[in-house]
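In case you want the letters, here they are:
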Amino acid sequence: ELGSITRPSDETGTIVEDAVGLLNMYEYQTSYRGSQHSLGYLNNGLNWFTLTPHSSSSLSYIVYTGYSFGIGSEIRFGVRPSINLKENVKIISGDGTETNPYRLKGDNDSNLSGTLLNTRYSGEYIRFGSGENDLYMIVSHETEGLTKITSVKALKDSGSFKTSIFGDNPIYSSNNAIGTFLNGEYLTNYVGSPYTEMIEENTIWYLGQVLDGSSYKLAKYEDTTGTSLTSNTTTAKVGLLRYGELGTGQYERYYIKGTATIAGLNTTYWLLNSYNDLNVWYVNDYSYIIGIDGSPSNSYGIKPCLNLKSNVVITSGDGTKENPFEIEYKTE
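So, how was this worked out
Residues numbered from 1 in each chain as written. Predicted model: local features only at pLDDT ≥ 70, side-chain atom pairs only at ≥ 80, totals over all residues. Heavy atoms only, no water. Phe/Tyr/Trp six-rings, centres within 6.5 Å; stacked < 30°, edge-to-face > 60°. Helix = DSSP H or I, 4+ residues; strand = E, 2+ residues; numbered from the N terminus. Buried < 20%, exposed > 50% of the residue type's maximum accessible area, 1.4 Å probe, protein only. Polar contact = N/O pair within 3.5 Å; in protein donor to acceptor, adjacent residues only side chain to side chain. Contact = heavy atoms within 4.5 Å. Salt bridge = Lys/Arg side-chain N within 4 Å of Asp/Glu carboxyl O. Pairing = 2+ DSSP bridges. Axes fitted to C-alpha atoms, helices over the stretch in contact; angles between N-to-C directions. Core = buried A, V, L, I, M, F, W, Y, C linked by side-chain atoms within 4.5 Å. 1 Å grid on protein atoms, 1.4 Å probe; cavity = no way out; pocket = protein on both sides within 12 Å on 5 of 7 lines; lining within 4 Å. Points joined across faces, edges and corners; volume = space filled by probe spheres on them. Nonpolar A, V, L, I, M, F, W, Y, C, P; charged D, E, K, R; others polar. Patch = residues over 30% accessible without salt bridge, like charges linked within 9 Å, V, L, I, M, F, W, Y side chains within 5 Å. Areas by Shrake-Rupley, 256 points an atom, 1.4 Å probe, with all protein chains shown as cover. Lys, Arg positive; Asp, Glu negative; His and termini not counted. Charge placed at Lys NZ, Arg CZ, Asp CG, Glu CD.

Trainee: So what exactly am I meant to see when it comes to the packing of aromatic side chains here?
Mentor: Aromatic rings in a pair are described by how distant their centres are and how their planes are angled relative to each other. The tally for this structure, following the rule as stated, stands at 21 aromatic pairs. When the centroid spacing of 5.1 Å and the interplanar angle of 65 degrees are considered together, the rings of Phe 128 and Tyr 195 count as edge-to-face. Residue Phe 128 is found in the loop between strand 8 (125-127) and strand 9 (135-140), and its partner Tyr 195 is found in the loop between helix 3 (185-191) and strand 14 (203-206); the two are separated by 67 residues along the sequence. There is no split in this pair, since Phe 128 and Tyr 195 are both buried. Judged by centre distance (5.2 Å) and plane angle (20 degrees), the rings of Tyr 254 and Tyr 255 are stacked. The pair formed by Tyr 254 and Tyr 255 is uniform in burial state, with each residue classed as buried.

Trainee: Can you help me understand the side chain of Thr 248 in this one?
Mentor: Within the element layout of this structure, Thr 248 appears in the loop between strand 16 (238-240) and strand 17 (269-274). Reaching out from Thr 248, the side chain makes a polar contact with the backbone oxygen of Glu 245 at a distance of 2.9 Å. Dropping the residues within four chain positions of it, Thr 248 is found in contact with Leu 241, Arg 242, Tyr 269, Leu 271 and Val 283.

Trainee: When you look at the pattern of salt bridges in this model, what are you seeing that I'm missing?
Mentor: Proximity of charged atoms lets side chains of opposite charge pair with each other. Counting across every chain of the model gives 13 salt bridges. Arg 120 is paired through a salt bridge with Glu 124; the nearest N and O atoms lie 2.7 Å apart. Take Arg 120: its relative accessible area is 3%, and that puts it in the buried class. For Glu 142, the salt bridge is made with Lys 148, and the minimal N-O distance between the two is 2.9 Å. Through salt bridges with shared partners, a single ionic network connects Glu 142, Lys 148, Lys 220, Arg 242 and Glu 245.

Trainee: Explain the sheet that holds strand 10 (residues 147-151) to me, please; I cannot follow it from the model alone.
Mentor: Backbone-to-backbone hydrogen bonds pair the strands of a sheet. The strands run either parallel or antiparallel. On the basis of which strands lie adjacent, the open sheet formed by five strands has the order 8-9-10-21-16 and antiparallel pairing. At either end of the open sheet lies a strand with only one pairing partner, and these are strand 8 and strand 16. Each strand of the sheet is rotated relative to its neighbour by a mean of 40 degrees, with strand direction disregarded.

Trainee: Any chance you could explain the sheet that holds strand 2 (residues 48-55) here in plain terms?
Mentor: Read across the open sheet, the three strands follow the order 2-3-4; overall the sheet is antiparallel. Each of the sheet's edge strands pairs with one partner strand only, and the pair in question is strand 2 and strand 4 (68-71). Direction aside, the axes of adjacent strands within the sheet are offset by 35 degrees on average. Bridge count between strand 3 (residues 58-62) and strand 4: four bridges; the pairing is antiparallel. Bridge assignment links Tyr 61 to a residue of strand 4, and that residue is Phe 69.

Trainee: Whenever I open this one, the nonpolar core confuses me. Can you help?
Mentor: Grouped burial of nonpolar side chains is what soluble globular proteins tend to show. If you look at the biggest cluster of nonpolar residues, it comprises 52 residues, and the most contacted ones within it are Leu 117, Phe 128, Leu 182, Tyr 186, Leu 240, Leu 308 and Ile 327. If sequence neighbours within four positions are ignored, Leu 182 has contacts with Tyr 172, Leu 187, Val 238, Gly 239, Leu 240, Ile 302 and Pro 304.

Trainee: Which parts of the structure should I look at to understand empty space enclosed by the protein?
Mentor: One water molecule sets the probe size; rolling that probe over the atoms shows where empty space is left. The full count for this structure, using the stated rule, is one cavity of 30 Å³ or more. As a volume, the largest cavity reaches approximately 70 Å³. Together, Val 152, Lys 153, Ala 154, Phe 161, Gln 250, Tyr 251, Glu 252, Leu 265, Asn 266, Thr 267, Tyr 269 and Lys 303 line the largest cavity. Per-class residue counts for the lining of the largest cavity are six nonpolar, three polar and three charged.

Trainee: Even after reading the chapter, I still don't get the layout of surface pockets, so can you show me in this structure?
Mentor: One number sums up the size of the second largest pocket: a volume of about 970 Å³. Residue lining of the second largest pocket: 25 residues in total, with Pro 8, Thr 14, Leu 22, Asn 24 and Leu 51 positioned closest to the centre. For the lining of the second largest pocket, the elements supplying multiple residues, two or more each, are strand 1 (21-22), helix 1 (25-29) and strand 2.

Trainee: What is the right way to look at the environment of Val 312 in this model?
Mentor: Within the secondary structure, Val 312 is located in strand 22 (residues 312-316). In sequence terms Val 312 and Thr 331 are 19 residues apart; their C-alpha atoms lie 8.8 Å from each other. Sequence-distant contacts of Val 312, defined by excluding residues within four places in its chain, comprise Thr 115, Leu 116, Leu 117, Met 198, Ile 327, Glu 328 and Tyr 329.

Trainee: How should the environment of Pro 101 be read in this particular structure?
Mentor: Residue placement: Pro 101 occurs in the loop between strand 6 (91-93) and strand 7 (103-104). As a C-alpha pair, Pro 101 and Thr 233 span 132 residues in sequence and 39 Å in three-dimensional space. Each residue touching Pro 101, except ones within four places of it in the same chain, is listed here: Ser 93, Gly 94, Gly 96 and Thr 320.

Trainee: Would you explain a negative patch on the surface in this entry?
Mentor: Judged by side-chain charge, Asp 10, Glu 11, Glu 17 and Asp 18 come together as a negatively charged surface patch. Locating Glu 11 in the fold gives a position in the segment before strand 1. A relative accessible area of 71% places Glu 11 in the exposed class.

Trainee: Explain a nonpolar patch on the surface here, please?
Mentor: A cluster of nonpolar side chains, Val 20, Ile 83, Leu 85 and Val 89, forms an exposed patch at the surface whose accessible area comes to about 360 Å². Classification of Val 89 as partly exposed rests on a relative accessible area of 35%.

As C-alpha cells, this is what we get:
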C-alpha cells in the first residue's frame with residue numbers, strides 16, 4: 001500500500017549506476033495527497049512503468065487512475081525518463097510551472113531568429129500549418145540535415161478527431177487508404193502553403209514488422225544490433241510514426257484529474273508498422289500500444305509524421321508548448 005514504502009538504500013535494494021533511469025515507487029508515493037490516487041502531482045493520467053519490481057517476475061506500474069499494479073516487463077507501457085542534473089546547472093528563465101517551465105543556461109534559448117531548425121532538439125514544439133492542427137513536435141534528425149516532426153495530437157476536423165481505415169492490408173504506402181489521405185487531402189486542407197513547400201518530397205519510411213514481444217528496433221533494422229536497415233521500406237512525402245519512435249505516446253490525460261470521467265483529449269491512432277501479416281500497431285487513448293486486433297479495416301486516428309528540409313529556419317519562439325518555434329523556408 002502506498003504510504004508504507006520505505007526509501008530504497010544500498011542495504012534494501014539493488015543499485016544500478018547509469019545516466020538515465022525511471023522513477024521508483026517510493027518517489028511516486030511522496031507525490032500522493034492522502035488517499036486521492038489521481039491527485040498526486042506525478043500521476044499524469046496515463047500508464048507508465050516505475051523502476052521498482054513488483055515481484056521476481058513483474059514490475060510495478062502506474063495506471064491512468066493513479067493506482068499501482070504489477071505486470072510483466074514485456075508489456076508495452078509509457079516510459080518517463082528520470083535523470084539527475086549536475087549541481088552547476090543554472091536557470092535562465094521560467095518559473096517552473098507547466099505553462100512556463102524553467103529554461104537552462106546553455107540551451108541556446110535566446111537570439112534564435114535565423115537559426116536552422118535542424119540544429120534544435122527532440123521534444124521542442126513548432127507552429128506548422130494553421131487552425132486547430134498547427135502544433136507539432138520535433139521527433140529526431142534521423143536523416144542528416146532534415147528535421148522529422150509529428151503533430152502533437154492526432155488530427156482534428158471541426159473539433160472532432162479525424163479517423164481513417166489503414167487500408168486493404170497492413171503495409172503502409174502513399175497509395176493505401178491512410179497514405180492517400182496523408183499525401184493528398186492532408187497536405188492541401190490541413191497544412192497548406194507555405195508549409196507544404198518545406199516538406200521533403202521523398203522520405204524513406206521503414207516498415208519492419210514487429211511481432212508481439214519483439215524489440216522496437218525491428219521496426220527499422222533487420223535485427224536488434226541495429227547495424228543493417230530493413231529492406232521493407234516505402235517512399236512518400238508524409239507517413240506515420242514507427243513503433244517505438246519518440247512521440248508515439250499520448251500527451252494529455254485519459255481521465256480528468258481527480259475524477260473517473262474520460263477527458264476526451266486523446267484518441268486511438270495508427271502507427272506505421274505491422275504487428276503480423278494481418279494487423280497494424282496502434283496507440284490507444286491511454287497510451288497502451290496494441291497490435292493483436294489492429295485490423296487495417298478499423299477506423300482510427302491519424303498522427304502525421306514528415307521531414308522538413310534542411311533550409312527551414314526559426315523566425316521566433318523558444319520551442320516551448322506555450323511559445324513554439326515559428327518557421328520559414330529560407331531560399332538562397
